[in-house]
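# Reading the structure
Residues per chain, in single letters:
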Amino acid sequence: MKIFKNIFLVCCALFLLQSCIVSSKPNIDFFSRSNYDLQDAQFASFNVPLFLAKPYIKKALREEGESEAAIAIVKKVSKIKMMTVANGSEAMLKDYANYLKNENYKDWATIKHDGDNVNIRVKQKGDVIKNMLITVNSKKDMVFLDVKGSFTADDISRMITIASDK
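Before going into details, it helps to say that this report is about the structure given with it. Since the model is a prediction, treat every value here as computed from it, not as a measurement. (Residues numbered from 1 in each chain as written. Predicted model: local features only at pLDDT ≥ 70, side-chain atom pairs only at ≥ 80, totals over all residues. Heavy atoms only, no water.)

This part covers the overall build of the chain. Assigned secondary structure in the chain consists of six helices and six strands. Starting at the N terminus, the α and β elements of the chain follow one another as α-α-β-α-α-β-α-β-β-β-β-α. Sequence separation of at least 24 residues holds for 57% of the intrachain contacts in the chain that already meet a minimum separation of 6. On the chain, roughly 10700 Å² of surface is accessible, and the fraction owed to carbon and sulfur atoms is 57%. (Helix = DSSP H or I, 4+ residues; strand = E, 2+ residues; numbered from the N terminus. Contact = heavy atoms within 4.5 Å. Areas by Shrake-Rupley, 256 points an atom, 1.4 Å probe, with all protein chains shown as cover.)

Below you can see the structure in the form of structure tokens.
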């Protein structure tokens, strides 16, 4: 009986950790469409299991002396998908921006830092922001974060202020 219990626990753990596996296929909707020509782009994507990540993120923020406002924003996150693209093109990025505009995403902020462009786009339902897409573009390499949660405009503004103060 003890062996079956251990096997069951191991299977449950593997099932929960399967999202940690890095995939070479895109996990962001626009790029996973089959009819888009991805050219020579190379993808690495994974879903972040938040039940494992949130405690470590909160601990790291506290150790770095971040404010409780930053930690409160982390608590509101319900799902994160991350994807990196090597050998991406400007045309791909423009097509992605047009796709987001057609999907009712609003351009929230564009930040230039050390030659990199950081774009924050949000999808709102009333006063609540349900989805936030963060794009970091540095020449041929790009990083895409798809953050789902329940945020307010004030939360996003505080996040941008916290990042800008560094």
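What follows concerns unusual backbone geometry. One non-glycine residue with positive phi stands out, namely Asn104, at about 70 degrees. When you line up the elements, Asn104 lands in the loop between α5 (90-102) and β3 (106-113).

Read from one edge of the open sheet, six strands run β1-β2-β6-β5-β4-β3, paired in antiparallel fashion. Lying at the two open borders of the sheet, with one neighbouring strand each, are β1 (42-48) and β3. For this sheet the average axis-to-axis angle between neighbouring strands, irrespective of direction, equals 15 degrees. Sheet strands in contact with helix α3 (residues 50-63) are β1 and β2 (77-86), and its direction is about 90 degrees off that of β2. (Pairing = 2+ DSSP bridges. Axes fitted to C-alpha atoms, helices over the stretch in contact; angles between N-to-C directions.)

Between side chains of opposite charge, a pair can form when the charged atoms approach closely. If you walk through the whole model with that rule in mind, you get three salt bridges. Between Lys76 and Asp155 there is a salt bridge, and its shortest N-O distance comes to 2.6 Å. One end of the pair, Lys76, is in the loop between α4 (68-75) and β2; the other, Asp155, is in helix α6 (residues 153-164), with 79 residues separating them in the sequence. Given the relative accessible area of 3%, Asp155 is considered buried. (Salt bridge = Lys/Arg side-chain N within 4 Å of Asp/Glu carboxyl O. Buried < 20%, exposed > 50% of the residue type's maximum accessible area, 1.4 Å probe, protein only.)

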